[in-house]
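Here is how the chains run, residue by residue.
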Amino acid sequence: MLKLIKLSFIMPFNLSFSFAMAAEGNFSLSSNEPITPISIYGDDSGEGQAKIILGRQLFEDNRLSRDQTISCASCHNLHHGGVDGKARSTGINGALGDINTPTVFNSGFNFRQFWNGRAKSLEEQIDGPIQHSKEMGAKWEDVVAVLKRDKQYLSMFSLSYKDGITKENIKNAIASFERSLVTPNSRFDQFLNGNKDAISALEKTGYQRFKSFGCIACHQGMNVGGNMYQTMGVMGDYFKDRGLPIIDADLGRYSITKETLDKYVFRVPSLRNVELTAPYFHDAYAKTLEQAVSVMAKYQLGRMLSKEDIDSIVAFLKTLTGEPPKILSQTQKANSK
């Protein structure tokens, strides 16, 4: 039975037109393509370079955690797709988190942060891990006090903030760095920009099937997702079939709103760089892209895909891997001076 679902999203294209193009087997691009290339680069994000350099230093500083052992980069590896590759990240005192860590790359394009969408901005999101007992477990007053004892931080903050080191300025600096973590110029972006040879025939077939099967309904726009909520298990009982006890992290938006229609509703993740961010889903159930595609087709679209279908869609998904954020090499050079 089709579940009653509650959706909230921004749909920036004519979905029926895109499906028609796919159904015709026409690989030519339309002017109304549902996925758009990344057009904002890290150094064009509107943030000052000094603030971004400061943000990166804070992002990688263990002193922001209570026992000074964990940094933002501990769970969001900047050299591994913005994730740590674990089903559950490890926080202070060896505590395991409750949910799979999403990538920090391109996170500035998401309309909400966290799987359950509880934060409206990156600045607001930072409050969560800094204070969470299973993550960094710190108190803001302690973080501010530690940083104020550091002469380098006093100088760096003074370049970007008139009032120096404060909770809000720390959050803004980290968020400014995170907004610069953009991965442009994927092979699929090159294809969208007119290079017909940027992707192979198999990858074009995968994109066609991605659209015609309905994946595009949730994964579209510049971030190929991240701009809407969706129920996990629209066409089947994912959680029953999973065979594991349901925990609070499985409840999605319901944990925030307590509205029945929000049970098992999550922010749709971006698929950019998805080949680098295994395991998949909020519960890390899918260990490979092939498994993730198969599970999504069954429980979100009501389809059982052939191996050929899965292989072509996976091939397409791998074309979404972009260049490493340019800001990483720029800030690394700046910090090494």
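Provided above is the structure to which this section pertains.
The following refers to the structure shown. For every chain, the first residue of the written sequence is number 1, and numbering continues from 1 onward in sequence order. Only residues with pLDDT of 70 or above have their local features reported here, since the model is predicted, and side-chain atom pairs are shown and tallied only from 80 upward, although totals for entire chains, interfaces and linings are computed over all residues. Computation of side-chain values covers all heavy atoms of the structure but excludes hydrogens and water.

## Thoughts on unusual backbone geometry
Then step 1. Residue alanine 278 is joined to proline 279 through a cis peptide bond whose omega torsion reads -5 degrees.
Then step 2. Note on placement: proline 279 falls in the loop between strand 3 (265-267) and helix 12 (289-301).
Then step 3. Even without being glycine, asparagine 106 reaches a positive phi, approximately 60 degrees.
Then step 4. Where helices and strands are cited, they refer to DSSP runs of H or I of at least four residues and of E of at least two residues respectively, numbered from the N terminus. Among the structural elements, asparagine 106 can be located in the loop between helix 3 (72-75) and helix 4 (122-131).
Then step 5. Type-normalised accessible area, obtained with a 1.4 Å probe on protein chains alone, sets the label of each residue: buried when under 20%, exposed when over 50%, and partly exposed for intermediate values. Look at asparagine 106 and you get buried, because its relative accessible area is 2%.
Then step 6. At lysine 258, a residue that is not glycine, the phi angle is positive and equals roughly 60 degrees.
Then step 7. Along the chain, lysine 258 turns up in the loop between helix 11 (254-257) and strand 3.

## Structural notes on the pattern of salt bridges
Then step 1. When a carboxyl oxygen of Asp or Glu is within 4 Å of a side-chain nitrogen of Lys or Arg, the pair counts as a salt bridge. Under the counting rule described, the total for this entry stands at 15 salt bridges.
Then step 2. With a shortest N-O distance of 3.0 Å, arginine 63 and aspartate 61 are connected by a salt bridge.
Then step 3. For arginine 63, a relative accessible area of 27% translates into the label partly exposed.
Then step 4. Owing to a relative accessible area of 9%, aspartate 61 belongs among the buried residues under this scheme.

## Topic: the nonpolar core
Then step 1. Joining through side-chain atoms within 4.5 Å is the link that ties buried Ala, Val, Leu, Ile, Met, Phe, Trp, Tyr and Cys residues into a set, and such a set is a nonpolar core. Core analysis: the biggest nonpolar cluster contains 37 residues, and Ile35, Phe188, Phe210, Phe281, Phe316 and Leu317 have the highest contact counts within it.
Then step 2. Taken together, the elements giving at least two residues each to this core come down to helix 8 (187-192), helix 9 (201-213), helix 10 (238-242), helix 12 and helix 13 (307-318).
Then step 3. Residues within four places of isoleucine 35 in sequence aside, it is in contact with Phe188, Leu192, Tyr207, Phe210, Ile216, His219, Gln220, Gly221, Val224 and Phe316.
Then step 4. In terms of nonpolar packing, the next biggest core, distinct from the first, is built from 34 residues, Leu54, Phe105, Tyr153 and Ile327 among them. Whether two residues are in contact is decided by their heavy atoms: any pair within 4.5 Å suffices.

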